[in-house]
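# Summary of structural features
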Amino acid sequence: MAATQTTDRLGTLAERARAIVGPVWVLSDPAQLSTYECDGLTNQRERPGLVVLPASTDEVAAVVRACHELGIPFVARGAGSGLSGGAMPRAEGVVIGLARMREILAVDLPNRRVTVQPGVTNLAITEAVAPHGFYYAPDPSSQQVCTIGGNLAENAGGAHCLKYGFTVNHALSAVVVLADGAVVRLGADAPDAPGLDLLGVLIGSEGTCGIVTEAVVGILPKPQHVETLVAFFDTVEEGGETVSAIISAGIVPAAVEMMDRLAIEAARAVTKMDWDAESALIVELDGPESEVRSQFEAVTRICAAHHAREVRVAASPAERAAIWTARKSAFAAAGRLAPAYRVQDGVIPRTRLPEVLRGIAALSERYGLRVANVFHAGDGNLHPLVLYDSAVPEQVEQSEELAMAIVALCVEFGGSITGEHGVGTEKACSMPKMFDGDDLTAFDRVRGAFDPDGLCNPDKLLPTPRLCGEVPGFHRVHPVERAGLGDRL
Amino acid sequence: MGLVEDLAADLGPARVRPGGPDDAIGGRVPAAVAEPLSPEAVAAVLARAGRDGLAVRVRGGGTKQSWSAPPERLDVVLSTRALHRLIDHAPGDMTCVAEAGMPLAALQAAIADVTTHRQRLMLDPPGGAEATLGGVLATAAAGPRRVRYGTPRDLVIGARYVTGDGLAAKTGGRVVKNVAGYDVAKLLIGSHGSLAVITEVALKLHPLPDAARTVVLRDPDPDRAAAFCDAVRGAPITPALVEAAWPEGLVLVRVESTEEGAAAQVERLRGLGPVEELDEVAADALTADLAARAWAGTGPVLAVGVVPDRLADLLRAARDAGATLVARAPVCAGELALPDDDPDRAARLIDAVRALGGSVQLRRGGEDLRALVRTAPEPAVLRLEAALKDRLDPHGVLAGAAR
Ligand SMILES: Cc1cc2nc3c(=O)[nH]c(=O)nc-3n(C[C@H](O)[C@H](O)[C@H](O)COP(=O)(O)OP(=O)(O)OC[C@H]3O[C@@H](n4cnc5c(N)ncnc54)[C@H](O)[C@@H]3O)c2cc1C
């Protein structure tokens, strides 16, 4: 009965959507729909009821209005490169794909900003302004594919956010289709607009506060000078202590990245590099030439003082690129070390790196599964890769337990369950590790203000009974209360 | 029983007193001033307010009450001044956590142990030594250093707060990178105490530079002064301050870097215009003078912002209105001080800034002027703001106004 109703409503929506966007841009064929059943977190899948591919703000708004009227949940989708299940649809819901909205609408060099549609990739912004000596600072490793809409939704960061900040520090305004289909501009052209910082809370809300259909982001002039080195250490601890020492010396590098032996081995398997150490530390400085040169000398001295076995300085842009290729390949290369792996994204205070890395090693031993570490060391954002064999059922389970134990360890050290990948469905049930019932209730109120009917990417970010069972102390507003028909007091 | 007695029963007699003329906000004297010692006590005040239908205004140092609309009713001033502890300073992590009633100046003093670690919270809002962390956040107040380090929204990494109905909650954390949960701190920053009482703040710190050098350019031609600022913005230098001031047509640039870096950058600046370098004493004196200048008189003060390529127009608008302007040139945000209460002059200036696509907020001035400054947001924005107010302060006890 309920299933028939759902099918009917989806049928009605499909009809209306075809009228809005044109029949070819509405997908309902099961084979086509399965392309949209997951994002980069491939072990969680759900085939959506419908996929709609609008081409303008007006079309997005009309589709969302239809969903709102019919009570059908919807989820925005950029490139689907998310790693926490954020773009995973519901079976009875709709995917609103933004792949057709990928125009750069305006480049305003005097005011250092670019206006883009949501499906424009992160890298495309930099490519558009690079000829003029500018770039877009947030640089997620996925920047060739991920979209600016997805970046805003996840508050994406990258290797260089240590110095330059995250998406939220660079987005100036956005046109947003709200959960009821209303269209608003959040943020403003000029600084210090009165009113609440609604853009600030939308960024990082994982697609639960509305759909971004246009964004204005700031760009920066390319730094005058860049220096990059990679230092090799005989222990992981020495690498970690070097990070602390650099930060304590008052130096803010553009990036500080670290890889352990297993991650180095993985990278070696897919690139031509010859690195061989217990840990490798990549440090990049950028800025005015004389400043960079003097600080780079200091960094080199700090590496030596912490017993770096070798320090290699990139002598050319090609050598710099090779260092970064090694770092960026480690992720994908993990596939060479084991049939499957899980990525974690915990954050710790950066001074606790040595202890936490020891803790991860101990956990790895206890579970009998290998963990490769490749991470943003400068801001304490770990990316442990838990390696396992998906053909061995116990390993599937144990790898998940191990991954969760690592997350718990990060929280124990005063950190966070996620630094950049988002909570999504993957870590929704881990939110109570970091936040108590009142914290979650307050979050839910914020969400409810944007999406009172719970249709805008439901089941993400906050634990729900459907995902996690009852969450102690977390008081969700019941629809009856919402409608003013009852009260708990 | 009276309100003071009621609150004394909740908080203890030492934490409550009757309001006096000095506690008036917008001409309204509160019946009681409560100074809770803990978030639980904050919740207790708000719970009573909810039950008894009281209007509560939050006050930190009391330096920026004029930045938002006065309360329509006022029963209780909730002072955060007893919440003034530094909870944690992790020098190696460059973070700290403090209670919201801690004065910014006290925090800077507590963390600036020059012998062991050279670091600072890079916020320099107006308001002097009395301004508290909570008040600075609630008003989104920032000063000249925002050019390099941003505003409170860029430096806050977590917060604890009590919603209008007494829910004590936290957002963010203590680490510099974190995307777990909604960033409620963004909502509280600039909310002027309308959604919740901020009780604790976690902040990102920055290292103090090895060297600082300051130059000034004096050019009473708005176009040339603005062109110089634009050249500074495009040059490979790392200024901590770029303050443009009218009527002198003065631009102060302070570069902060390594010794070698600062020296090289001063050379660069000499190539961009006829600048004069100031020694440290003169530089500090002029910087302090600029920071105080817009507030020096007794006339109205507006906060204005325009897009960066409108700086020359903004300088001209100040000139034409006979106003004093001190602006952070690269972000094009600053304060405009009017010489008198002439409403026509104010209206002309506000229109001029709006014609540039700019924003205007009232920092000091009468309610007539506030009415001139106020704009109506889009209906959908208004609905969202009302929905947030409704859910975070369901009984409407917090008498702060975000606009
Ligand atoms: C190899 C690899 C490396 C990565 N490295 C990084 C990294 O360094 N840093 C980092 O931060 N992330 C990284 N990621 C994660 C991912 O790329 C980012 O989260 C990215 O921002 C997602 O963008 P997307 O377009 O793929 O979004 P999707 O995966 O399509 O969606 C992500 C979320 O955003 C929402 N969304 C998408 N578009 C919109 C819109 N227009 N309006 C509102 N909501 C929207 C979706 O509903 C979903 O909740 C990496 C991923 C991979 C696969």
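Preceding block: the structure.
The paragraphs below set out a description of the structure included in this document. Residue numbers restart at each chain and count upward from 1, following the sequence in its written direction. Throughout, the order in which chains and ligands are written sets their labels, letters from A for the former and numbers from 1 for the latter. Owing to the predicted nature of the model, reporting of local features is limited to residues with pLDDT of at least 70; listing and counting of side-chain atom pairs is limited to 80 or more, with chain, interface and lining totals taken over all residues. To get the side-chain values, take all heavy atoms of the structure and skip hydrogens and water.

Turning our eyes to something else, we now look at the overall build of chain A. Counting secondary structure elements, chain A contains 17 helices and 18 strands. In terms of C-alpha radius of gyration, chain A reaches 23 Å, essentially the compact-globule figure of 23 Å for 489 residues. With respect to the principal axes defined by its C-alpha atoms, chain A has extents near 70 × 55 × 50 Å. Classification of residues uses two cut-offs on accessible area relative to the type maximum, computed with a 1.4 Å probe and protein chains only: under 20% is buried, over 50% is exposed, and between them is partly exposed. Each of the 489 residues in chain A was classed as buried or not, and the buried ones make up 60%. The contact criterion used throughout is that any non-hydrogen atoms of two residues lie within 4.5 Å. A sequence separation of at least 24 residues applies to 71% of the contacts in chain A between residues at least 6 apart. All accessible areas in this document rest on Shrake-Rupley with a 1.4 Å probe, and a residue is counted as covered only by the protein chains that are shown. Counting only carbon and sulfur atoms, one obtains 52% of the accessible surface of chain A, whose full area is about 17,700 Å². Charged residues are defined narrowly, with Lys and Arg counted positive, Asp and Glu counted negative, and His plus the chain ends left uncounted. Note that the charge is assigned to NZ on lysines, CZ on arginines, CG on aspartates and CD on glutamates. One way to put it: in chain A the 41 positive side-chain charges average out to a point 3 Å from where the 61 negative ones average out. Numbering of helices and strands runs from the N terminus; a helix is a DSSP stretch of H or I covering at least four residues, while a strand is a stretch of E covering at least two. The globule rule used for comparison is 2.2 Å times the number of residues to the exponent 0.38, while the radius of gyration itself is calculated over C-alpha atoms.

Another point: the site of the ligand. Residues and elements named next belong to chain A. Residues in close proximity to the ligand total 33 residues, the closest being Ala76, Gly78, Ser81, Ser142 and Thr147. Coverage of the ligand by the protein amounts to 92% of the 960 Å² it exposes when considered alone. Contributing elements (two or more residues each) for the shell around the ligand: strand 3 (74–77), helix 5 (148–154) and strand 10 (211–218). By the convention adopted, Pro, Cys, Tyr, Trp, Phe, Met, Ile, Leu, Val and Ala count as nonpolar, Lys, Arg, Asp and Glu as charged, and the other residues, Gly among them, as polar. Its residues placed into classes, the shell around the ligand shows 13 nonpolar, 16 polar and 4 charged. An automatic or database domain assignment supplies the start and end points of every domain. When residues of the shell around the ligand are sorted by domain, at least three fall in each of domain 1 (2–97) and domain 2 (109–124 + 131–221). A molecule or strand has a residue near it when one of that residue's heavy atoms lies within 4 Å.

What counts as a salt bridge is simple: a side-chain nitrogen of Lys or Arg found within 4 Å of a carboxyl oxygen of Asp or Glu. The final tally for this structure, using the stated rule, is 59 salt bridges over all chains. A salt bridge links aspartate 180 of chain A to arginine 383 of chain B; the nearest nitrogen and oxygen atoms lie 3.8 Å apart. In this pair, aspartate 180 of chain A sits in the loop between strand 8 (171–177) and strand 9 (183–187) while arginine 383 of chain B sits in helix 14 (residues 379–392), so the two residues belong to two different chains. Exposure remark for arginine 383 of chain B: the relative accessible area of 46% places this residue in the partly exposed category. Lysine 186 of chain B is the salt-bridge partner of aspartate 183 of chain B, the closest N and O atoms lying 2.7 Å from each other. We classify aspartate 183 of chain B as partly exposed; its relative accessible area is 25%.

All names here are of chain A. The disulfide criterion is simple: two cysteine sulfur atoms within 2.5 Å. A complete count under the given rule lists 1 disulfide over all chains for this structure. A disulfide bridge connects cysteine 429 with cysteine 468, and the sulfur atoms are separated by 2.1 Å. Disulfide cysteine 429 to cysteine 468: torsion about the S-S bond roughly -85°, handedness left-handed. Of the two residues, cysteine 429 is situated in the loop between helix 13 (393–412) and helix 14 (431–434) and cysteine 468 in helix 16 (residues 465–468); the sequence distance between them amounts to 39 residues. On the basis of relative accessible area, cysteine 468 is assigned to the partly exposed category, the value being 28%. Not engaged in a disulfide, the cysteine cysteine 161 finds its nearest cysteine sulfur in cysteine 146; these two sulfurs lie 13 Å apart.

Here the focus is the interface of chain B and chain A. Listed per partner, the contact involves 71 residues of chain B and 82 residues of chain A. Summed over both partners, the accessible area (1.4 Å probe) lost when two parts come together is defined as the buried area. Between chain B and chain A, the buried area comes to about 6,200 Å², and carbon and sulfur atoms account for 59% of it. Considering only the surface of chain B that becomes buried against chain A, Lys177, Tyr182 and Arg391 of chain B emerge as the three largest contributors, covering 16% of it. Taken together, the links from chain B to chain A amount to 6 salt bridges. Polar contacts, as used here, are pairs of N or O atoms within 3.5 Å; protein pairs need one atom able to donate a hydrogen and one able to accept it. Residues neighboring in sequence count only if both atoms are side-chain atoms. Across the contact surface, chain B and chain A share 27 residue pairs in polar contact (both at pLDDT 80 or more).

Nonpolar cores were defined as sets of buried Ala, Val, Leu, Ile, Met, Phe, Trp, Tyr and Cys residues, with membership established by side-chain atoms within 4.5 Å. Within the largest apolar cluster, 129 residues are counted, with the highest numbers of intra-cluster contacts made by Ile125, Leu198 and Met431 of chain A together with Leu107, Leu121, Leu133 and Tyr182 of chain B. Ranked by residue count, the leading element in this core is helix 13 of chain A, at 8 residues. Once residues within four sequence positions are removed from consideration, methionine 431 of chain A is found in contact with Ile417, Val423, Leu440, Phe443, Leu461, Leu462 and Pro463 of chain A together with Ala180 and Gly181 of chain B. Listed in part, the 47 residues of the second largest apolar core include Val147, Trp246, Leu325 and Leu369 of chain B.

Let's shift gears to the pairing of strand 18 (residues 333–337) of chain B. Residue and element names in this part refer to chain B. Of all 5 residues in strand 18, 5 are buried; the element is thus mostly enclosed. Note that strand 16 (residues 301–305) and strand 18 share 5 bridges and pair antiparallel. Its bridge partner lying in strand 18, valine 304 is registered against glycine 334. Sheet analysis places strand 17 (residues 324–328) next to strand 18, joined by 5 bridges and oriented antiparallel. Bridge pairing links alanine 327 to glycine 334 in strand 18. Hairpin connection, strand 17 to strand 18: the antiparallel pair is bridged by 4 residues, and cysteine 332 has positive phi, about 60°. We treat two strands as partners when DSSP finds at least two bridges between them.

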